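Now for the letters of each chain:
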Amino acid sequence: MMRLSSIARISPIRIWQLFRDRLLEDGPTAGVGAAVVLALNLLSLLFFKRATFNAGSGQAWGAAIGLGGYLLAASAFKRMHDGKAGTEWILLPAEPVEKYLAALLEYALALPLLLGAAATGLSALLALAERAAGGPGSFAWTPAAAGGLGAWGRYAVGVCLFLAGSASFRKNAFLKTVGLIAAFGLAAMLVAGGGAWLLGRGSGHLSFGAANGTISIDGESLSEAARRAIELLFELSAYVLAPAFSILFGWAKVAEKEARDEVQ
C-alpha cells in the first residue's frame, strides 16, 4: 500500500545520495554504449570517410540518447525485484518516494544532459576527424538539432512510462512497456478518431492528412475549433495525464513492493 505519509519525510540529502549512487552505478553501462557509438563511427570513417552519426541532420545522436535513456529507465528497479538484491534495496535507508524521485531525476534530467553534452563533444571530434580523412566534416550535433526543449519533453514523458514499467514488471520490462505504449497509442488514436467523428456530426468517412495535419470527414475539413479541441485533448493526455499517472502508479508499485517484502 502506498504510504502518503512518506511524502512528509522526504529528505533532499537522501535523494541526492540515491541519485549520486545511481549515476555511479549506471556510469559503466553508459560508457559501454558510448564506446559502441564511437566504434561504429570510426568504422564508418575508415571505410567511407564519413562519421555515420553526423550524416544528414544527425538524428542518430538523438535516437541513441533516447534509446539509451529508455533502456536504463526500464531497468531502474531491477534490483527491487531480484532476490538478494531486493533485500538490499529494502534496507536502503530511504522512503519509496525518495527512491522513485532519485530515479526520475537521473533518467529524466541528468542523463539526457550528460549524454547530450558527451554526444556534442564526440560529434565535434568526429567532424574534425572526418575533415582530416577527406570527408566534409561540416556538421557537429547539438541538442538543438534534436528539437531542444520540445524533444526533451517528449523524452521525459517516455522516461516516466518506462520507470512505471520497471516498477511493475520483474522481467523484460522494456519490451512489455513498449507493448503497453503501443496498445495505449492505438487506443488514443481510436478515441481521437471517435472524437473527430462525433464533432463531424457522427457520419461520413474520417481521414487524416499526414502532410498538412488536417482532419476531414468525406473530404470536408473540420472547423479550426474542432481541430484544435482534438489537438488539445491529445496534448493533455500525452504530456500531462500520461506522465502524471505513470509517476503515481510507479511510486505506488514501489511502495507496495516494499511494504509486502517488509511483512515477509
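Given the structure is predicted, the values throughout are model-derived calculations rather than measurements.

Calculation criteria
Residues numbered from 1 in each chain as written. Predicted model: local features only at pLDDT ≥ 70, side-chain atom pairs only at ≥ 80, totals over all residues. Heavy atoms only, no water. Core = buried A, V, L, I, M, F, W, Y, C linked by side-chain atoms within 4.5 Å. Buried < 20%, exposed > 50% of the residue type's maximum accessible area, 1.4 Å probe, protein only. Helix = DSSP H or I, 4+ residues; strand = E, 2+ residues; numbered from the N terminus. Contact = heavy atoms within 4.5 Å. Axes fitted to C-alpha atoms, helices over the stretch in contact; angles between N-to-C directions. Parallel < 35°, antiparallel > 145°, perpendicular 65-115°, else oblique. Left-handed = near helix turned anticlockwise from the far one by under 90°. Nonpolar A, V, L, I, M, F, W, Y, C, P; charged D, E, K, R; others polar. Patch = residues over 30% accessible without salt bridge, like charges linked within 9 Å, V, L, I, M, F, W, Y side chains within 5 Å. Areas by Shrake-Rupley, 256 points an atom, 1.4 Å probe, with all protein chains shown as cover. Salt bridge = Lys/Arg side-chain N within 4 Å of Asp/Glu carboxyl O. Phe/Tyr/Trp six-rings, centres within 6.5 Å; stacked < 30°, edge-to-face > 60°. pLDDT = per-residue confidence, 0-100.

Asks: I tried to follow the nonpolar core on my own but got confused; where do I start?
Replies: Soluble globular proteins tend to bury their nonpolar side chains together. Among the nonpolar cores identified, the biggest contains 27 residues, and Phe 77, Tyr 100, Tyr 107, Val 159, Leu 163 and Val 254 are the most heavily contacted of them. Elements supplying a minimum of two residues to this core: α2 (59-74), α3 (83-91), α4 (96-132), α5 (148-168) and α7 (224-263). The biggest single contributor to this core is α5, with eight residues. In this structure Phe 77 touches Arg 22, Trp 89, Lys 99, Tyr 100, Ala 103, Leu 163, Ser 166, Ala 167 and Val 254, once residues within four positions along its chain are discounted.

Asks: Just checking my understanding: could you explain the packing of α2 against α5 for this structure?
Replies: Running from N to C, α2 and α5 point in directions that differ by 25°, and their axes come no closer than 8 Å. On the basis of their axis angle, the class for α2 and α5 is roughly parallel. Two packed elements cross with a definite hand, and for α2 against α5 that hand is right-handed. Judged by residue contacts, Ile 65, Gly 66, Gly 69, Tyr 70, Ala 73 and Ala 74 of α2 engage Arg 154, Tyr 155, Gly 158, Val 159, Phe 162, Leu 163 and Ser 166 from α5. Of the residues in the contact of α2 with α5, the class split is eight nonpolar, four polar and one charged.

Asks: How should I be thinking about unusual backbone geometry in this particular structure?
Replies: The phi torsion of most residues other than glycine is negative, and most of the peptide bonds are trans. One non-glycine residue, Lys 49, lies in positive phi territory at about 60°. Turning to its location among the elements, Lys 49 is positioned in the loop between α1 (12-48) and α2. Despite not being glycine, Asn 172 shows a phi value in the positive range, around 50°. Mapped onto the elements of the fold, Asn 172 is located in the loop between α5 and α6 (173-199). A relative accessible area of 54% means that Asn 172 is categorised as exposed.

Asks: Could you clarify how one ought to interpret a nonpolar patch on the surface in this entry?
Replies: A surface patch of nonpolar side chains, amounting to about 540 Å² of accessible area, comprises Leu 105, Leu 109, Leu 113, Leu 149 and Trp 152. With three residues, the top contributor of residues to the nonpolar patch is α4. Tracing the chain through its elements places Trp 152 in helix α5. The exposure class of Trp 152 is partly exposed, given its relative accessible area of 39%.

Asks: Looking at this structure, I do not really get the packing of aromatic side chains. What am I missing?
Replies: Here the distance between the centres and the angle between the planes together describe a pair of aromatic rings. Overall, the coordinates contain seven aromatic pairs when judged by the stated rule. Aromatic side chains Phe 53 and Trp 61 sit 5.1 Å apart centroid to centroid with 70° between the ring planes, which places their arrangement in the edge-to-face category. With a relative accessible area of 12%, Phe 53 lands in the buried category. Trp 61 gets classed as buried once you look at its relative accessible area, which sits at 3%.

Asks: Just to check I follow, could you spell out the pattern of salt bridges for this structure?
Replies: Scanning all chains against the criterion turns up six salt bridges. Here Glu 258 ties to Lys 99 by a salt bridge, and the two come within 2.5 Å at their closest N and O atoms. Note that Glu 258 is positioned in helix α7 and Lys 99 in helix α4, a separation of 159 residues in sequence. Neither residue differs from the other here; Glu 258 and Lys 99 are each classed as buried.

Asks: What exactly am I supposed to notice about the environment of Leu 92 here?
Replies: By the secondary structure assignment, Leu 92 is in the loop between α3 and α4. Between the alpha carbons of Leu 92 and Arg 14 there is a distance of 10.0 Å; along the sequence they are 78 residues apart.

Asks: How should I be thinking about the packing of α2 against α4 in this particular structure?
Replies: Any two packed helices are characterised by the angle at which their axes cross and by the distance between the axes. Put simply, α2 and α4 touch, their axes get as near as 10 Å, and they point 145° apart. The two elements α2 and α4 meet at a crossing, and its hand is right-handed. Listed contacts from α4 to Trp 61, Ile 65, Gly 69, Leu 72 and Ala 73 of α2 are Tyr 107, Leu 111, Pro 112, Leu 115, Gly 116, Ala 119, Leu 122, Ser 123 and Leu 126. Of the residues that constitute the contact of α2 with α4, the class distribution is 11 nonpolar, three polar and no charged.

Asks: I would appreciate a short explanation of the confidence of the model for the protein in the present structure.
Replies: On average, residues of the protein score 82 in pLDDT, and 80% of them are at 70 or above. Mean pLDDT across the elements of the protein bottoms out in strand β1 (residues 206-209) (51) and peaks in α2 (94). Below a pLDDT of 50 lies the segment residues 201-206, which in the model reaches 15 contacts outside its immediate sequence neighbourhood of four places, other chains included.

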